[in-house]
Amino acid sequence: MNNVAETGRRWCFADQLGPHFLDHPDQPVLLIESRAAFGRRRFHRRKAHLVLSALRHRAAELGDQAVFLQTRTYREALDTVTGPLSVCQPTSRAADSFVRSMPGVEVLPARGFCTDRAQFDEWARGQRTLLLENFYRDARRRFDLLMDGDEPAQGRWNFDADNREPAPKNTDTLGITAPWQAEEDEIDEQVRADLDRWEREGAVAFVGCDGPREFPVTATEAQSALQIFLRDRLPHFGPHEDAMLSGDRLMAHSLLSAPMNLGLLDPLECAYAAEDAYRGGHASLGSVEGYVRQLIGWRDYIWHVYWHFGADYRRRNALQAQAGLPDWFSDLDADAVQARCLRDVLAQVRDHGWVHHIPRLMVLSNYALQRGWHPAAVTDWFHRCFVDGYDWVMVANVVGMSQHADGGLMATKPYAAGGAYINRMSDYCGQCRYHPSERVGELACPYTAGYWWFLHRNRRRLEGNRRMNQPLAGLRRLKDVDEVVAQQRRLGQAAP
Ligand code: SF4
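Residues numbered from 1 in each chain as written. Predicted model: local features only at pLDDT ≥ 70, side-chain atom pairs only at ≥ 80, totals over all residues. Heavy atoms only, no water.

On to the overall build of the protein, then. From N to C terminus, the protein includes 21 helices and seven strands. By the compact-globule yardstick of 23 Å for 496 residues, the protein fits well, its C-alpha radius of gyration being 23 Å. Taken over the C-alpha atoms alone, the protein extends approximately 75 × 60 × 45 Å along its principal axes. Taken across its 496 residues, the protein has 57% of its residues classed as buried. Counting contacts in the protein only where the partners sit at least 6 residues apart, residues at least 24 apart contribute 73% of the total. Roughly 21000 Å² of accessible area belongs to the protein as shown, and the carbon and sulfur atoms make up 48% of that amount. Side chains of the protein give 60 positive and 65 negative charges; the mean places of these two sets differ by 8 Å. (Helix = DSSP H or I, 4+ residues; strand = E, 2+ residues; numbered from the N terminus. Rg over C-alpha atoms; globule rule 2.2 N^0.38 Å. Buried < 20%, exposed > 50% of the residue type's maximum accessible area, 1.4 Å probe, protein only. Contact = heavy atoms within 4.5 Å. Areas by Shrake-Rupley, 256 points an atom, 1.4 Å probe, with all protein chains shown as cover. Lys, Arg positive; Asp, Glu negative; His and termini not counted. Charge placed at Lys NZ, Arg CZ, Asp CG, Glu CD.)

The next point concerns the pairing of strand E4 (residues 85-88). Remember that side chains alternate between the two faces of the sheet whenever the strand is regular. Burial of the side chains of E4 extends over both faces: Leu85 and Val87 are buried on one face and Ser86 and Cys88 on the other. Across four bridges, the pairing between E4 and strand E5 (residues 105-108) is parallel. What sits directly across from Ser86, in E5, is Glu106. One crossover worth recording links E4 to the parallel E5 by way of helix H5 (residues 93-101), and it is right-handed. (Pairing = 2+ DSSP bridges. Right-handed = clockwise from strand over helix to strand, strands pointing away.)

Along its 13 residues, helix H11 (residues 267-279) runs 18 Å from first to last C-alpha, staying within 8% of the 18 Å computed at 1.5 Å per residue. Of all the positions in H11, only Pro267, Leu268, Cys270, Ala271, Ala273, Ala274, Glu275, Ala277 and Tyr278 are classed as buried. As for H11, its buried residues are in contact with strand E6 (147-148), helix H9 (219-237), helix H10 (257-261) and helix H12 (285-308). Regarding H11, its N-cap is Asp266, as a side-chain oxygen of that residue lies 3.0 Å from the backbone nitrogen of Leu268 further along. Immediately downstream of H11, the backbone of Gly281 shows phi near 80°, a positive value. (Expected span 1.5 Å × (residues − 1). Polar contact = N/O pair within 3.5 Å; in protein donor to acceptor, adjacent residues only side chain to side chain.)

Here we take up the site of the ligand. Surveying the vicinity of the ligand reveals the residues Ala339, Cys341, Gly419, Ile422, Tyr428, Cys429, Cys432, Tyr434, Pro436, Cys445 and Pro446. Here the shell around the ligand is composed, by residue class, of ten nonpolar, one polar and no charged. (Near = heavy atom within 4 Å. Nonpolar A, V, L, I, M, F, W, Y, C, P; charged D, E, K, R; others polar.)

Judged by nonpolar contacts, the single largest core of 130 residues is most densely connected at Leu234, Tyr291, Ile296, Leu364 and Trp381. Tallying contributions element by element places H12 first for this core, with twelve residues. If sequence neighbours within four positions are ignored, Tyr291 has contacts with Leu226, Phe229, Leu234, Phe237, Ser254, Leu256, Met260, Cys270 and Ala274. Within the second largest apolar cluster, 17 residues are counted, among which are Met468, Leu475, Leu478 and Val484. (Core = buried A, V, L, I, M, F, W, Y, C linked by side-chain atoms within 4.5 Å.)

Turning our attention to the environment of Pro216. By the secondary structure assignment, Pro216 is in the loop between helix H8 (186-200) and H9. Separated by 206 residues in the primary sequence, Pro216 and Arg10 have C-alpha atoms spaced 23 Å apart. Setting aside its immediate chain neighbours within four residues, Pro216 contacts Leu50, Trp180, Glu221, Ala222, Ala225, Pro259, Leu262 and Leu264.

Before going further, it helps to examine unusual backbone geometry. Positioned with a positive phi, Asp144 is a non-glycine residue whose angle comes to about 50°. Among the secondary structure elements, Asp144 is positioned in the loop between helix H7 (132-142) and E6. For Gln154, which is not a glycine, the phi torsion comes out positive at approximately 55°. Within the secondary structure layout, Gln154 lies in the loop between strand E7 (151-152) and H8.

Structure below.
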């Protein structure tokens, strides 16, 4: 006899919308649009639009195969559903607890990731510390990706050194073919009208600006976006992966994190497709390796860290960062900011709900880390303000990676950097009212001053960390450190 999972209705959350969340193409489906989810917190308007558009497009695509319920809460919807239900493990701890508390709902292992939980646990058992690089190499072997027999292709596992080129000089754009472009339809229009109405009625409040949809909402659209990326942009992806240009917010990035986190793309299939581009001579190994690393390495690693370190991981605060987020930052008020890099990046978040990983890490998160903003508040901000932000993505990325709040479980040292780093990796500093080498006075770069302030504040906590010896020695040599600290305290939470 078939088990429930093979015969029952599959409940798919709004980030489980691809065909790989079903056991077979004809499986009955349950989709629920819960308005309460948007009422609780101020999400970016574009994120609300994208998620609802994707959910309603899936409902339209499935037609009679799906029961689509639009209710205030999930529980309200579930009260009306009869018959056996199964669901793939949801992606947040809250949703996971909720589905497991519902009688008659079978919870299946998660889908939409490459390495499953058992494989990760088996790998983790053999490790002293959970280094991403070791996890990634293990995944390359298991999936036989970019391998020549037992050896990595061209004898190299890692092209990070080649993929950290600074921004090219004398241009403000890489000049690469644009990514896939969305065309809105009547479902998008209806979502927009509903969001307008809910806002008018006071049921929800958003941050950020609305605008034409920029990301795929169906598996077909996501496949088109993937093919365009593989054809036009992947060959340019590697070398400037970590660079920023003021006239090119997209650089050669894939922009596929949003559809992938909606469950519209299978990451392993994307990784094999990228490998084909290398094997077919269409893209260099450096570019393809950089992309594959993001999919089977970083993305999966972040997912498993979310579950592996337990429910309290999100509350870690090893550096005792207690400050709240200032209003100008929470409200995405880029016009209040004069620091050119931060102003531009915050404006991109306001207008698009997306920036690539380096502005996230080295401009936004770096600023928060330097000023001691509470990691849980920073996590919440990233979750709400980014179209690809979900609890599982942001907890490990912010707590572990960017705010060093887990005390080094994930990253061996804090990702704090001064203006010199931003100056090297971007073209922002040239026309900024501040100067990256100044740390006190009118021209003091907020990142440079903030860097020394961060080190000074946390010097005792960071003392035992071998990788911090050099920066801390630099701090000891600094003659004007008291002046820097007094200046930063005086400036407080004012927009820089
Ligand atoms: Fe950013 Fe400082 Fe450079 Fe201005 S000088 S763009 S604030 S890093």
